[in-house]
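As a plain string of letters, each chain reads:
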Amino acid sequence: MNTTLLATAIVAALASAGAAAARADPAVVGLLAALAFAAITIWAGSAALALRAPDDCTEPRQRPAIAQPGNEPTLTRGGVFGRIWIFAIGAFGLATIVPIVSLGRRARVAVGTVWTAGARVVTEQGRPLRPDDIALGGVTTVFPEGHVGAQDAAALLIRVEDNAMLTNHAWAPRGNVAFSKICTHAGCPVAIYRHADYMLYCPCHQSQFSVLFGARPVAGPATRALPQLKLAIGPDGYLVARGDFSGPVGPDDWNRPA
Amino acid sequence: MITRRVGRFFDERLGTGAVLRAAFKKIYPDHWSFYLGEFALYCFVLLVVTGVWLTFVYDPSTTGAYPSVLALGRNDPIGYLIRQVHHWSAVVFVAAIIVHMARIFFTAAFRKPREINWIIGILLLVLASLTGFTGYSLPNDALSGTGLRIGMSVALSMPFIGAWASNLVNGGAYPGPLLLPHIYTIHVYFLPVLIALLLSLHMGMLVLQKHTQFARDESVVVGRRFFPDYFLRTIAAFGATVTVVVALAAVIEINPIERFGEYRYWLVPNPATPDWYAGWLDGALRLGPAVEWRIFGHPVPAVFWPGLVLPGIALMVIVAWPWIDARLTRDTAYHDVLVPPSAAPWRVGVGAALLTAGVVLTLAATDDQQALALHVPIAALVTVDRLAFAFGTIAVGLVATVFASNVRARRDRHGAESERVIVLVRNEQGGFEEKPVRSA
Ligand code: FES
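Given the structure is predicted, the values throughout are model-derived calculations rather than measurements.

Visitor: Give a detailed account of the overall build of chain A, specifying residues and quantitative values.
Guide: The secondary structure content of chain A amounts to 4 helices and 12 strands. Dimensions of chain A, computed from the C-alpha atoms along their principal axes, are close to 90 × 70 × 35 Å. Looking at chain A residue by residue over its 258 residues, the buried ones come to 42%. Look at the contacts in chain A between residues 6 or more apart in sequence, and 50% of them connect residues 24 or more apart. Total accessible area on chain A is roughly 13300 Å²; 62% of this is exposed by carbon and sulfur atoms. The centroid of the 21 positive side-chain charges in chain A is displaced by 7 Å from the centroid of its 17 negative side-chain charges.

Next comes the structure, spelled out in structure tokens:
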């Protein structure tokens, strides 16, 4: 029995290694390895049970010998460690805050995104868009020209009916309306648009933003509207931005003016 | 022959022989539930071994990370298996810790003198979860990148130091160029070293204080010797852990990053659900109220409450539990003997309520998929989950309390009939005397 199990373990281990070297399917390699370990498990387990050793060996338990009053080790003995030491250690500890705090200062956070007035609105592929390129009810991810993938600049361009917008009608030329794609809740991309009720959905915690009301949150945990990108039609007929987003992009922190 | 020589070499120089002899003779109490912690320990061993291997193929740069993990595909059976085993051990690791902790809780093993080890255990759970989360983020795929962004948003919601901490980790605003390198250092260095340290303390304290037992004699440890009895058992525990994890890794693919694609901050797979142990936090974010208060003119982000306050409170309650329990039982004495869970029905109730809260929040993390499958609106599910979190936990706690007190009543009726075991105990004169031990 024992020999069979150990032999199984050895053969399975070697077979697993061989299969791996021969680039066999990982399932084969893995199951052979698992078989080797299973044989070891059964071998050790059955050997333990076969010992029939009593499980009532005993060993005394001791409680820690607690120092009696007057006998306690103390730091103040001989006047070597006075109370001043506590302050000294505290002061050294406090001083370490300076190098720690300096770590987070290394990089300054840019305020705002790279969207500027007159920047052409382009797709992920860098293709500029005309007001009619997006069909009614369509949606696409856009960036400022020359900055595809730039930090926090991703916006969703949605095409609604010409006069559908209920807020800031002037920011949505010919029904082209754009909002930051970064959820104001915890920063996920707001990836899903349903034209039937003009609703944007965040797939992370299911916040819903009502496009017609300026991407105001109407359900889910988000508390702030997605900042809007004011759009216009440029002299060459392409969609352009009229500046940066209408508010701070992405999740809030305690110091951010929201 | 050779082992004897090596043994002698060290014995002559360090006196290890006597230490080993004592260690081999040491008595450990035996019960199936005492192996739960060992499963966790051996998962950690597996994680370290596979993790070291992975450090040689992983590229922590922003552009190199995803391709370097993608290269460990099915056509590279070794790389594929090692990554799969690593991820599977991580999820089993956290599960084993939680089940082990539940055993400690329900049998009251946290009582004096083991409060310190209880707290170390909680720290280990926190560290294991953080290590899991940071490791999950390393492949830089669309799913984990999204999880990392949510995590960074929660970090950002820390009062006043949030932006600083986020800057620190990102090396700038999210997603900074140093984010992955920093997460990598944290994952392969800081957290594992901390875990190894605390694990040594955890087990050192176990040896020092001696393991608890079910046999009802406070003055002696009743159990088996380390060698060969317990040694064989722990080999079996190791083998069982490896067998299960490797078999899972071979058969069920975990985290198929090739299906998610590389992370771009504006792209996300749908549905977006994290590894199971992070689910309760994701669920909490989904159920959290849509409120943004202002404190002294500062906005308090909505994620602050479910993302930091809720887990903070949960952690504080669990850390303080040995003292809360001591107060409720008016019992501050030393205890080395475990109680059956039913001995304190209200403790069963509290434990069941806490576990239920975790389960409700974890389930809430998939509410979008449930809504889709059940054809109900998500808002309705959120309401149901909120009610379940607020009242379902209490209801389950009450039912568990009643159930446990019924068990206790039955146990008391049959208690007198339970088998009696006699053990030999050394008395002060050095002789032996018989002492009855009633096994639980
Ligand atoms: S990140 Fe969008 S709802 Fe949480």
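Visitor: Kindly report on the interface of chain B and chain A, identifying the contributing residues and their values.
Guide: Listed per partner, the contact involves 87 residues of chain B and 73 residues of chain A. Taken together, the two surfaces of chain B and chain A that pack against each other cover about 6600 Å², and 62% of this comes from carbon and sulfur. Taken together, the links from chain B to chain A amount to 6 salt bridges. With a shortest N-O distance of 3.5 Å, R74 of chain B and D25 of chain A are connected by a salt bridge. Seen at the junction of chain B and chain A, the total is 30 residue pairs in polar contact (both at pLDDT 80 or more).

Visitor: Hey, could you go over the domain arrangement of chain A for me, with residue numbers and the actual values?
Guide: When cut into domains, chain A gives domain 1 (1-50 + 83-105) and domain 2 (121-252). Inter-centroid distance (C-alpha atoms) of domain 1 of chain A to domain 2 of chain A is 48 Å.

Visitor: Could you give me a rundown of the packing of aromatic side chains, with the residues and numbers involved?
Guide: Residue and element names in this part refer to chain B. A complete count under the given rule lists 29 aromatic pairs over all chains for this structure. Of the aromatic side chains, those joined through ring pairs into one cluster are F24, Y28, Y35, F226, F227, Y230 and F231. The cationic tip of K26 hangs over the ring face of Y28; the distance from NZ or CZ to the ring centre is 5.9 Å.

Visitor: Any details on unusual backbone geometry? Residues and values, ideally.
Guide: Residues and elements named next belong to chain B. With an omega of 10°, the peptide bond running from K112 to P113 counts as cis. Mapped onto the fold, P113 is located in the loop between α5 (77-106) and α6 (115-137). Residues F227 and P228 are joined by a peptide bond in cis, for which omega reads 0°. In this structure, P228 sits in helix α10 (residues 226-251). For K210, which is not glycine, the phi torsion reads 70° and is therefore positive. By secondary structure assignment, the location of K210 is in the loop between α9 (179-209) and β2 (220-225).

Visitor: Break down the pairing of strand β4 (residues 155-159) of chain A for me, citing the residues and quoting the values.
Guide: All names here are of chain A. A large share of β4 lies buried, amounting to 5 of its 5 residues. Side chains of β4 alternate between two faces, with A155, L157 and R159 and L156 and I158 buried alike. Of the strand pairs in this sheet, strand β3 (residues 139-144) and β4 are connected by 4 bridges, and their pairing is antiparallel. Residue pairing across strands places V142 opposite A155, the latter belonging to β4. Bridge count for β4 against strand β5 (residues 176-180) is 5 bridges, and the pairing is antiparallel. Each residue of the ladder has a partner; that of L157, found in β5, is A178.

Visitor: Tell me about the packing of α6 of chain B against helix α12 (residues 304-329) of chain B, and name the residues and values.
Guide: Residues and elements named next belong to chain B. Contact geometry of α6 with α12 gives a least axis separation of 9 Å together with a crossing angle of 165°. Overall, the two elements α6 and α12 adopt an arrangement that is roughly antiparallel. At the point where α6 passes α12, the crossing takes the right-handed sense. Facing α6, whose interface residues are E115, W118, I119, I122 and V126, α12 presents L315, I318, V319, W321, P322 and W323.

Visitor: Requested: an account of empty space enclosed by the protein, with residues and values cited.
Guide: In the structure shown here, the tally under the stated rule is 1 cavity of 30 Å³ or more. Computed from the structure, the largest cavity encloses a volume of approximately 40 Å³. In terms of lining, the largest cavity is formed by T184, H185, P221, A222, T223 and D252 of chain A together with E292, P301 and A302 of chain B. Across the lining of the largest cavity, the residue classes break down as 4 nonpolar, 3 polar and 2 charged.

Visitor: Go over the environment of T113 of chain A, please, and point to the residues and values.
Guide: All names here are of chain A. Within the fold, T113 resides in the loop between α4 (97-105) and β2 (117-123). The buried category is assigned to T113, whose relative accessible area is 15%. As for T113 and G149, which are separated by 36 residues in sequence, their C-alpha atoms are 11 Å apart. Sequence-distant contacts of T113, defined by excluding residues within four places in its chain, comprise Q151, D152, A153, D244, F245 and V249.

Visitor: Any details on the pattern of salt bridges? Residues and values, ideally.
Guide: Inspection of every chain in the model, using the stated rule, returns 23 salt bridges over all chains. As a salt-bridge pair, R194 of chain A and D197 of chain A come within 2.7 Å of each other at their nearest N and O atoms. On the basis of relative accessibility, which here comes to 28%, the residue D197 of chain A falls in the partly exposed class. Overlapping salt bridges, with partners in common, bring together R61 and R63 of chain A together with R114 and D336 of chain B in one network.

Visitor: How would you explain the environment of G247 of chain A if you had to name every residue and give the values?
Guide: Within the secondary structure, G247 of chain A sits in the segment after β12 (239-242). Separated by 22 residues in sequence, G247 of chain A and A225 of chain A have C-alpha atoms that sit 9.0 Å apart.

Visitor: So what about the nonpolar core? Which residues, and what values?
Guide: Residues F93, F110 and W118 of chain B are the most contacted members of the largest nonpolar core, which totals 62 residues. Sorting elements by how many residues they give to this core places α5 of chain B first, with 14 residues. Contacts of F93 of chain B, omitting those with residues within four sequence positions, involve A40, C43, F44, L47 and A128 of chain B. One finds L129 of chain A together with Y66, L179 and W266 of chain B within the second-largest nonpolar core, a separate group that totals 37 residues.

Visitor: Summarise the state of the cysteines; cite the residues concerned and give the values.
Guide: All names here are of chain A. Tallied over the full model, the rule gives 1 disulfide over all chains. The disulfide partner of C188 is C204, and the S-S distance across this bridge is 2.0 Å. Handedness here is read from the sign of the S-S torsion; for C188 and C204, about -80°, the answer is left-handed. Of this pair, C188 sits in the loop between β5 and β6 (192-194) while C204 sits in the loop between β7 (199-201) and β8 (208-210), and the two are 16 residues apart along the sequence.

Visitor: Lay out the sheet that holds β3 of chain A in plain terms, naming residues and giving numbers.
Guide: Residue and element names in this part refer to chain A. An order of β10-β5-β4-β3-β2-β12-β11 is seen for the 7 strands of this open sheet, with the pairing classed as antiparallel. Among the strands making up the open sheet, the edge pair consists of β10 (228-229) and β11 (231-233). Looking at chain direction, β2 and β12 are connected through 2 bridges and run antiparallel. Along β12, the bridge assignment pairs R120 with V240.

Visitor: Help me get a handle on the confidence of the model for chain B, residues and values and all.
Guide: In low-pLDDT segments, the atomic positions of the prediction should not be examined closely. Across chain B, the average pLDDT comes to 92, with 94% of residues at 70 or higher. Model confidence for the complex is summarised by a pTM of 0.93, with the ipTM given as 0.92.

Criteria and thresholds
- Residues numbered from 1 in each chain as written.
- Chains lettered and ligands numbered in written order.
- Predicted model: local features only at pLDDT ≥ 70, side-chain atom pairs only at ≥ 80, totals over all residues.
- Heavy atoms only, no water.
- Helix = DSSP H or I, 4+ residues; strand = E, 2+ residues; numbered from the N terminus.
- Buried < 20%, exposed > 50% of the residue type's maximum accessible area, 1.4 Å probe, protein only.
- Contact = heavy atoms within 4.5 Å.
- Areas by Shrake-Rupley, 256 points an atom, 1.4 Å probe, with all protein chains shown as cover.
- Lys, Arg positive; Asp, Glu negative; His and termini not counted.
- Charge placed at Lys NZ, Arg CZ, Asp CG, Glu CD.
- Buried area = accessible area lost by both parts, 1.4 Å probe.
- Salt bridge = Lys/Arg side-chain N within 4 Å of Asp/Glu carboxyl O.
- Polar contact = N/O pair within 3.5 Å; in protein donor to acceptor, adjacent residues only side chain to side chain.
- Domains from an automatic or database assignment.
- Phe/Tyr/Trp six-rings, centres within 6.5 Å; stacked < 30°, edge-to-face > 60°.
- Lys NZ or Arg CZ within 6 Å of the ring centre and 35° of its normal.
- Pairing = 2+ DSSP bridges.
- Axes fitted to C-alpha atoms, helices over the stretch in contact; angles between N-to-C directions.
- Parallel < 35°, antiparallel > 145°, perpendicular 65-115°, else oblique.
- Left-handed = near helix turned anticlockwise from the far one by under 90°.
- 1 Å grid on protein atoms, 1.4 Å probe; cavity = no way out; pocket = protein on both sides within 12 Å on 5 of 7 lines; lining within 4 Å.
- Points joined across faces, edges and corners; volume = space filled by probe spheres on them.
- Nonpolar A, V, L, I, M, F, W, Y, C, P; charged D, E, K, R; others polar.
- Core = buried A, V, L, I, M, F, W, Y, C linked by side-chain atoms within 4.5 Å.
- Disulfide = S-S within 2.5 Å.
- pLDDT = per-residue confidence, 0-100.

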